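# Commentary on secondary and tertiary structure
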Amino acid sequence: MSVPPGLPQNLSAFDEGGSGEWLPEAPLKLYTNAFVLHGDKILLGLKKRGLGVNKYNGFGGKVESRESTLEAALRELKEESGITAPLELAGTLLFVVPGEKWAHIDIFRAENYSGTVTESEEMCPEWFNQASIPYEKMWETDRTWLPLLLSKRPFAVRADFGRNSAENYTLRRWWVGVHSPTV
Ligand SMILES: COc1nc(N)nc2c1ncn2[C@H]1C[C@H](O)[C@@H](COP(=O)(O)OP(=O)(O)OP(=O)(O)O)O1
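Residues numbered from 1 in each chain as written. Predicted model: local features only at pLDDT ≥ 70, side-chain atom pairs only at ≥ 80, totals over all residues.

The name given to the chain in an unreviewed UniProt entry is Oxidized purine nucleoside triphosphate hydrolase, with Mycena indigotica as the source organism. Heading Sequence similarities (unreviewed entry) of the UniProt record for the chain holds this comment: "Belongs to the Nudix hydrolase family." What the UniProt record of the chain gives under Subunit (unreviewed entry) is the line "Monomer." (UniProt positions renumbered as here; feature names shortened; annotations may be inferred.)

Laid out in structure tokens, this is it:
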């Protein structure tokens, strides 16, 4: 199966599923998402409002004008969880919904942090063991790529959803790619 539109074409399929045509191209909007690891733990936040409400996720949001995605990721992490961390790009996710702009999400990881983890208006942070991540309470595609983030393997994902109502999304088709190991 070839790499779906919107992803770098030099990737190998790692996982894929669903069916149907990929949704048509649309303009991009940029987001960030950051996962902080500490020993065998991972910091997730229960989203209290907006896109992904009531799901656990990393910390992030929209990239503002004149910000790099790293600057936005650091700002969102601080605003939503109270901490700062040496974030590194781990992968990308293209979140596609009919009739909406494509959301390109730069996903970051860090293995330490400073500051005090604090609840915010948007997120209720909670540490989980990496062996018991609550995938059943997360975006459905997270289980396909979060193990790659944990193992520091760069990835790119496309996930096409249908939207039934404001917060009710149905996964239609997804594709997870990794860079082939160099020989
Ligand atoms: C499958 O799709 C997604 N999976 C995951 N794991 N995360 C996703 C997906 N689609 C979007 N996200 C992330 C990207 C952002 O981190 C948040 C959404 O950000 P939000 O809309 O809350 O942006 P803010 O700027 O924080 O919002 P406010 O304007 O309310 O401050 O979800």
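Let's pick the thread back up.
The residue Leu77 is located in helix H1 (residues 69-81) in this model. Distance from Leu77 to Leu87, taken between C-alpha atoms, is 9.7 Å for residues 10 residues apart in sequence. (Helix = DSSP H or I, 4+ residues; strand = E, 2+ residues; numbered from the N terminus.)

Taken as a whole, helix H2 (residues 142-150) has its buried residues at Asp142, Thr144, Trp145, Leu146, Leu148 and Leu149. For H2, the secondary structure elements touched by its buried residues are strand E1 (12-18), strand E2 (28-38), strand E6 (88-96), strand E7 (102-110), strand E10 (155-165) and strand E11 (168-178). Immediately downstream of H2, the backbone of Lys152 shows phi near 65 degrees, a positive value. (Buried ≥ 20, exposed ≤ 12 C-beta atoms within 10 Å, placed from the backbone. Contact = placed C-beta atoms within 7 Å.)

This next bit is on the nonpolar core. Ranked by internal contacts, the top residues of the largest apolar core, which has 41 residues, are Ala34 and Val157. Residue contacts for Ala34: discarding those within four places in its chain leaves Gly58, Phe59, Gly60, Ala73, Leu77, Leu87 and Phe108. (Core = buried A, V, L, I, M, F, W, Y, C linked by C-beta atoms within 7 Å.)

So, on to the site of the ligand. Gly60, Gly61, Lys62, Phe95 and Trp139 are the nearest of the 20 residues found near the ligand. Elements supplying a minimum of two residues to the shell around the ligand: E2, E6 and E7. In terms of residue count, E2 provides more of the shell around the ligand than any other element does, three residues in total. Residues that form the shell around the ligand fall into these classes: eight nonpolar, eight polar and four charged. (Near = placed C-beta within 6 Å. Nonpolar A, V, L, I, M, F, W, Y, C, P; charged D, E, K, R; others polar.)

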